[in-house]
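The chain contents come next:
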Amino acid sequence: MCRIDPHPLGETVGTARCLDGGCAWEAQPTAEPPGVNVECLAHALATGHDTFAVTVEYVALVTGGADTAVFPPVGQKAPLRPHHSPLFRVPAAKAPVSRPR
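Residues numbered from 1 in each chain as written. Predicted model: local features only at pLDDT ≥ 70, side-chain atom pairs only at ≥ 80, totals over all residues. Heavy atoms only, no water.

## Notes on the packing of aromatic side chains
Then, in step 1: According to the stated counting rule, one finds one aromatic pair in the structure shown.
Then, in step 2: Measuring from ring centre to ring centre gives 5.7 Å for Trp25 and Phe52, while their planes differ by 80°; the resulting arrangement is edge-to-face. Of this pair, Trp25 sits in the loop between strand S2 (12–18) and helix H1 (34–47) while Phe52 sits in strand S3 (residues 52–58), and the two are 27 residues apart along the sequence. (Phe/Tyr/Trp six-rings, centres within 6.5 Å; stacked < 30°, edge-to-face > 60°. Helix = DSSP H or I, 4+ residues; strand = E, 2+ residues; numbered from the N terminus.)

What follows is the structure in structure tokens.
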């Protein structure tokens, strides 16, 4: 079974912006995403605006089985698998066989 987690060497960035009409308020991007929520609360208390777009972005790592990486670490090339090899060819589709009824 595979799962996806934040990459241990990657960064997490939180951002937010106000969605109230013409308000142009945006939180400063931060490596501490909970801080974005605090900034949204402060803006809401100061303005009465109550709707925000909040984004948390991080580099993800897919792992399989007992936390064995399915893909190599960021910046390293994966070894060719048979279906990625230029020598691997998908067989041509065969014509359907007519069967007597």
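## Brief notes about H1
Note that an α-helix has 3.6 residues per turn; residues three or four places apart therefore point the same way.
Then, in step 1: The terminal C-alpha atoms of H1, which comprises 14 residues, lie 20 Å apart, in line with the 20 Å expected from a rise of 1.5 Å per residue.
Then, in step 2: Val36, Cys40 and His43 are the residues of H1 that are buried. Down the axis of H1, the smallest arc covering the buried residues is 65°, so these residues share one side. In H1, the exposed residues that point more than 90 degrees away from the buried face are Pro34, Val38, Leu41, Leu45 and Ala46.
Then, in step 3: Turning to H1, the residues buried within the fold contact S2 and S3. (Expected span 1.5 Å × (residues − 1). Buried < 20%, exposed > 50% of the residue type's maximum accessible area, 1.4 Å probe, protein only. Arc of directions from axis to C-beta. Contact = heavy atoms within 4.5 Å.)

## Things to note about the pattern of salt bridges
Side chains carrying opposite charge are able to pair once their charged atoms draw close together.
Then, in step 1: Using the criterion set out here, one finds one salt bridge in the structure.
Then, in step 2: When the shortest N-O distance is used, the salt bridge between Asp5 and Arg3 registers 2.7 Å. (Salt bridge = Lys/Arg side-chain N within 4 Å of Asp/Glu carboxyl O.)

## Details of the side chain of His49
Then, in step 1: Looking at the secondary structure, you find His49 in the loop between H1 and S3.
Then, in step 2: When its relative accessible area of 17% is taken as the criterion, His49 is described as buried.
Then, in step 3: At a separation of 3.3 Å, a polar atom in the side chain of His49 contacts the side chain of Asp20. (Polar contact = N/O pair within 3.5 Å; in protein donor to acceptor, adjacent residues only side chain to side chain.)

## Focus: the environment of Thr15
Then, in step 1: Among the structural elements, Thr15 can be located in strand S2.
Then, in step 2: Separated by 24 residues in the primary sequence, Thr15 and Glu39 have C-alpha atoms spaced 9.9 Å apart.
Then, in step 3: If sequence neighbours within four positions are ignored, Thr15 has contacts with Pro29, Val36, Ala53, Val54 and Thr55.

## A short note on a nonpolar patch on the surface
Then, in step 1: Together, Val54, Val56 and Tyr58 make up a nonpolar patch on the protein surface, roughly 260 Å² of accessible area in all.
Then, in step 2: Position of Val56 among the secondary structure elements: in strand S3.
Then, in step 3: The class of Val56 is partly exposed, set by a relative accessible area of 47%. (Patch = residues over 30% accessible without salt bridge, like charges linked within 9 Å, V, L, I, M, F, W, Y side chains within 5 Å. Areas by Shrake-Rupley, 256 points an atom, 1.4 Å probe, with all protein chains shown as cover.)

It is worth stressing that arrangement in space is one thing and function is another; only the former is reported here.
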